[in-house]
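Per-entry structural report
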Amino acid sequence: MSLTDKAMTRLRELIQSGELPPGSKLPPEQQLASELGVGRNIMREAVRALVAARVLEVRRGNGTFVTSLQPRVLLEGIGGAVELLQGDTVLELTEVRRLFEPAATGLAATRISPQQLAEVKGHLEAMRAAADDVELLNQHDLAFHRAVVAATGNETLSTVLDGISSRTLRARVWRGLVDADAAGRTLREHEAIYLALAAGDAIWAQAAALMHITTTENWLRTRLPEDR
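Residues numbered from 1 in each chain as written. Predicted model: local features only at pLDDT ≥ 70, side-chain atom pairs only at ≥ 80, totals over all residues. Heavy atoms only, no water.

As named in an unreviewed UniProt entry, the protein chain is FadR family transcriptional regulator, taken from Plantactinospora alkalitolerans.

Have a look at this one:
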């Protein structure tokens, strides 16, 4: 383990132990380097790495602070990595979504509020109105699923699923569906999810989401080999 890695590990320990709680300011450089048992250059490298990982944040003119350490902060970088996936890893991503999203949709059916249900309905209606406008379909499709998962009240689950919901991949799917005149079927799948949520039926909601994601996955399996 390099000195930088050791310094990072020690900083994480200070945060995990509560000595540096969320929102707290790091000690001055010389003091922190001394506490970590490393030189100032190594300490700076460790701090930069943790800033990149969203564990720490630099506030110009004020110092370096521990972030809120909330899931939406720490897991925010997933989406950027997901957009770079290619080939079979795209299918792996869809498999991950198939494992998590139906369960989340079922949970949402038991927790969704009238206001949240209205938001989901609004995105569904916007998708209907978008017709063959791929950009709008993609935008409201993403917002539809984001609103459904948000209704679970589980911020970690929402952040992870939002991260693996590749905007590029969704746009690609919608383009293919529109070209194949199959967008109507996908809209009906969204309608089934909404109706299950409105009924508060967790089993129906989970099944509807599974059907929708499986249809997308099957479409990708037939199209990806053609793109290589």
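Quick notes on the overall build of the protein chain
Here is the rule we go by: Labels follow the DSSP assignment, with helices taken as runs of H or I lasting at least four residues and strands as runs of E lasting at least two, numbered in each case from the N terminus. In this setup the radius of gyration rests on C-alpha atoms only. A globule is expected at 2.2 Å times the number of residues raised to 0.38. A 1.4 Å probe rolled over the protein chains alone gives each residue an accessible area, and that area as a share of the maximum for its type sets the label: buried under 20%, exposed over 50%, partly exposed in between. Note on contacts: a residue pair is in contact if any heavy atoms of the two residues lie within 4.5 Å.
When you go through the protein chain residue by residue, the secondary structure sums to 12 helices and two strands. Reading the helices (α) and strands (β) of the protein chain from amino to carboxyl end gives α-α-α-β-β-α-α-α-α-α-α-α-α-α. Computed over C-alpha atoms, the radius of gyration of the protein chain comes to 22 Å, more than 25% over the 17 Å expected from 2.2 N^0.38 for 228 residues, which places it beyond the range of a compact globule. Seen through its principal axes, the protein chain has C-alpha atoms that stretch 65 × 45 × 30 Å. Within the protein chain, the fraction of its 228 residues that count as buried is 43%. Of the contacts made within the protein chain by residues no fewer than 6 positions apart, 68% connect residues no fewer than 24 positions apart.

With respect to the pairing of strand β1 (residues 56-59)
The following threshold applies: The pairing criterion for strands is at least two bridges between them, as found by DSSP.
Inspection of the sheet shows β1 paired to strand β2 (residues 63-66) by four bridges, in the antiparallel sense. Note that in β2 the partner of L56 across the bridge is V66. Counted along the chain from β1 to the antiparallel partner β2, the turn is three residues long, and its residue G61 has a positive phi close to 80°.

Brief notes about the packing of aromatic side chains
Under the convention used in this document: Between 30 and 60 degrees the pair is tilted, below 30 it is stacked and above 60 it is edge-to-face, where a pair is any two Phe, Tyr or Trp rings, Trp via its six-membered ring, whose centres lie within 6.5 Å. We call a charge positioned over a ring when the NZ of a Lys or the CZ of an Arg lies within 6 Å of the ring centre and within 35 degrees of the ring normal.
Tallied over the entire structure, the rule returns zero aromatic pairs. The cationic tip of R59 hangs over the ring face of F65; the distance from NZ or CZ to the ring centre is 3.9 Å.

Points about the packing of helix α2 (residues 29-36) against helix α3 (residues 40-52)
Basically, it comes down to this: Axes, fitted as lines to C-alpha atoms, cover a helix only where it is in contact. Angles between the N-to-C directions of the axes lie from 0 to 180 degrees. Convention used here: angles under 35 degrees read as roughly parallel, angles over 145 as roughly antiparallel, angles from 65 to 115 as roughly perpendicular, and any remaining angle as oblique. Here the nonpolar group is Ala, Val, Leu, Ile, Met, Phe, Trp, Tyr, Cys and Pro; Asp, Glu, Lys and Arg are the charged ones; every other residue, Gly included, is treated as polar.
Running from amino to carboxyl end, α2 crosses α3 at an angle of 90°, the nearest separation of the two axes being 9 Å. Comparing the axis directions of α2 and α3 gives the class roughly perpendicular. Between α2 and α3, the contacting residues are E29, Q30, L32, A33 and L36 on the first element and R40, M43, R44 and V47 on the second. Of the residues belonging to the contact of α2 with α3, the class tally is five nonpolar, one polar and three charged.

Things to note about the environment of T215
What counts here: Within 3.5 Å is the distance limit for a polar contact, defined as a pair of N or O atoms, with the added protein rule that one can donate a hydrogen and the other accept it, and that residues adjacent in sequence qualify only through two side-chain atoms.
Position of T215 relative to the elements: it lies in helix α12 (residues 202-227). If near-sequence neighbours (up to four positions away) are discounted, T215 is found in contact with R185 and E189. At a separation of 3.1 Å, a polar atom in the side chain of T215 contacts the side chain of E189.

A word on helix α11 (residues 183-199)
Formally: By this rule the span expected of a helix is its residue count minus one, scaled by 1.5 Å.
With 17 residues, α11 extends 25 Å from end C-alpha to end C-alpha; this agrees with the ideal 24 Å at 1.5 Å per step. Among the residues of α11, A183, T186, L187, E189, H190, I193, Y194, A196 and L197 are the ones counted as buried. The first or second residue beyond α11 is G200, which carries a positive phi of 65°.

A look at the nonpolar core
Let me state the cut-off plainly: What is meant by a nonpolar core is a set of buried Ala, Val, Leu, Ile, Met, Phe, Trp, Tyr and Cys residues, joined one to another through side-chain atoms within 4.5 Å.
If you look at the biggest cluster of nonpolar residues, it comprises 21 residues, and the most contacted ones within it are I112, V120, F144, V148, I193 and L197. Counting only elements with at least two residues in this core, the list comes to α6 (88-111), α7 (114-130), α8 (134-150), α11 and α12. Every residue in contact with L197, bar those within four places of it in the chain, is listed here: T105, A108, A109, I112, L117, V120, V148 and A205. Counting residues in hydrophobic clusters, the runner-up holds 19 residues, among them L14, L20, L36 and V38.

Some words on a nonpolar patch on the surface
Heads up, the rule is: Patch members must show over 30% relative accessible area and no salt bridge, and they are joined within 9 Å when carrying like charges or within 5 Å when they are nonpolar side chains of Val, Leu, Ile, Met, Phe, Trp or Tyr. Reported accessibility uses the Shrake-Rupley method at a 1.4 Å probe radius. Residues are deemed covered only where the shown protein chains occlude them. Salt bridge criterion: a side-chain nitrogen from Lys or Arg within 4 Å of a carboxyl oxygen from Asp or Glu.
There is a patch of nonpolar side chains on the surface, built from V96, L99 and F100 and spanning about 280 Å² of accessible area. Position of L99 relative to the elements: it lies in helix α6. L99 gets classed as exposed once you look at its relative accessible area, which sits at 63%.

Here we look at the side chain of H140
Take H140: it is sitting in helix α8. Those residues within four positions of H140 in sequence are excluded, and the remaining contacts are H123, A126 and M127.

Topic: the confidence of the model for the protein chain
Let me state the cut-off plainly: A residue's pLDDT is the confidence the predictor assigns to it, expressed on a 0 to 100 scale.
Here the protein chain shows a mean pLDDT of 87. Residues at 70 or above account for 90%. Taking the mean pLDDT of every element in the protein chain, the minimum, 65, falls on helix α10 (residues 167-179) and the maximum, 95, on α7.

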